[in-house]
Amino acid sequence: MFIGREQELQFLNDRYNENKGQLIVLYGRRRVGKTETLREFCKDKPHIFYSCTQSTDKAQRSLTFHTETVKN
């Protein structure tokens, strides 16, 4: 069950519904719900979810990607 973050979800949905390319950077303190907010927003939408940590370029390039395809 997802509780709260209605204002943040509305912001993301408003940007999504503008139907133009955008980049939104989400950052903040640890353990405040950023990832879960994005996961909730991405439900039932085609998306690529990429999460990164601070590391060297070489380490970032060696990561594998997890993608989900959602068919409407």
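If you're wondering where the values come from, they're calculated on a predicted model, not measured in any experiment.

Conventions and cut-offs
Position numbers for residues start from 1 in each chain and track the written sequence from start to end. Reporting in this predicted model follows two pLDDT cut-offs: at least 70 for local features of residues, and 80 or more for side-chain atom pairs to be given and counted; totals over whole chains, interfaces and linings ignore these cut-offs and use all residues. Side-chain descriptors were evaluated using all non-hydrogen atoms of the structure, hydrogens and water having been removed beforehand. Any carboxyl oxygen of Asp or Glu within 4 Å of a side-chain nitrogen of Lys or Arg constitutes a salt bridge here. We call a residue buried when its accessible area falls under 20% of the maximum for its residue type, exposed when it is over 50%, and partly exposed in between, using a 1.4 Å probe and counting protein chains only. Note on scores: pLDDT gives the predictor's confidence for each residue, bounded by 0 and 100. Each helix is a run of DSSP H or I of at least 4 residues and each strand a run of E of at least 2, with the numbering of both proceeding from the N terminus. Here the arc refers to the set of directions running from the helix axis out to each C-beta atom. For this analysis, residues touch if any pair of their heavy atoms sits within 4.5 Å. We call Phe, Tyr and Trp rings a pair once their centres come within 6.5 Å, taking the six-membered ring for Trp, and we label the pair stacked below 30 degrees between planes, edge-to-face above 60, and tilted otherwise. A positively charged side chain is recorded as over a ring if its NZ (Lys) or CZ (Arg) lies within 6 Å of the ring centre. The angle to the ring normal must also be within 35 degrees.

A.B. asks: It is not clear to me how the pattern of salt bridges should be interpreted in this structure. Could you clarify?
C.D. replies: Scanning the entire structure with this criterion turns up four salt bridges. Residue Arg 15 pairs with Glu 18 through a salt bridge whose shortest N-O separation is 3.3 Å. Taking relative accessible area as the criterion, Glu 18 reaches 36% and is therefore assigned partly exposed.

A.B. asks: Explain the confidence of the model for the chain to me, please; I cannot follow it from the model alone.
C.D. replies: Low pLDDT means the predicted coordinates in that region are not meant to be read closely. Taken residue by residue, the chain gives an average pLDDT of 83. The fraction at 70 or more is 85%. Within the chain, no element has a lower average pLDDT than strand S2 (residues 67-68), which sits at 56, and none a higher one than helix H1 (residues 6-17), at 95.

A.B. asks: What is the right way to read helix H2 (residues 34-42) from this model?
C.D. replies: Think of an α-helix as 3.6 residues a turn; residues three or four steps apart then line up on the same face. Here H2 has its buried residues at Thr 37, Phe 41 and Cys 42. End-on view of H2: buried residues confined to an arc of 130°, all on one side of the axis. Check the buried side of H2 and you find it contacts H1 and strand S1 (47-48).

A.B. asks: Got a minute to help me understand the packing of aromatic side chains in this structure?
C.D. replies: The geometry of an aromatic ring pair comes down to the distance between the two centres and the angle between the two planes. Enumeration according to the criterion identifies one aromatic pair in this entry. Here the aromatic rings of Tyr 16 and Phe 41 are separated by 5.9 Å at their centres, their planes lie at 85°, and the arrangement is edge-to-face. Residue Tyr 16 is located in helix H1, and its partner Phe 41 is located in helix H2; the two are separated by 25 residues in the primary sequence. Assessed through its relative accessible area of 39%, Tyr 16 is described here as partly exposed. For the cation-ring pair, Lys 45 lies above Tyr 16, with the distance from its terminal atom to the ring centre recorded as 5.4 Å. Above the ring of Phe 41, the side-chain terminus of Lys 45 is found at 4.3 Å from the ring centroid.

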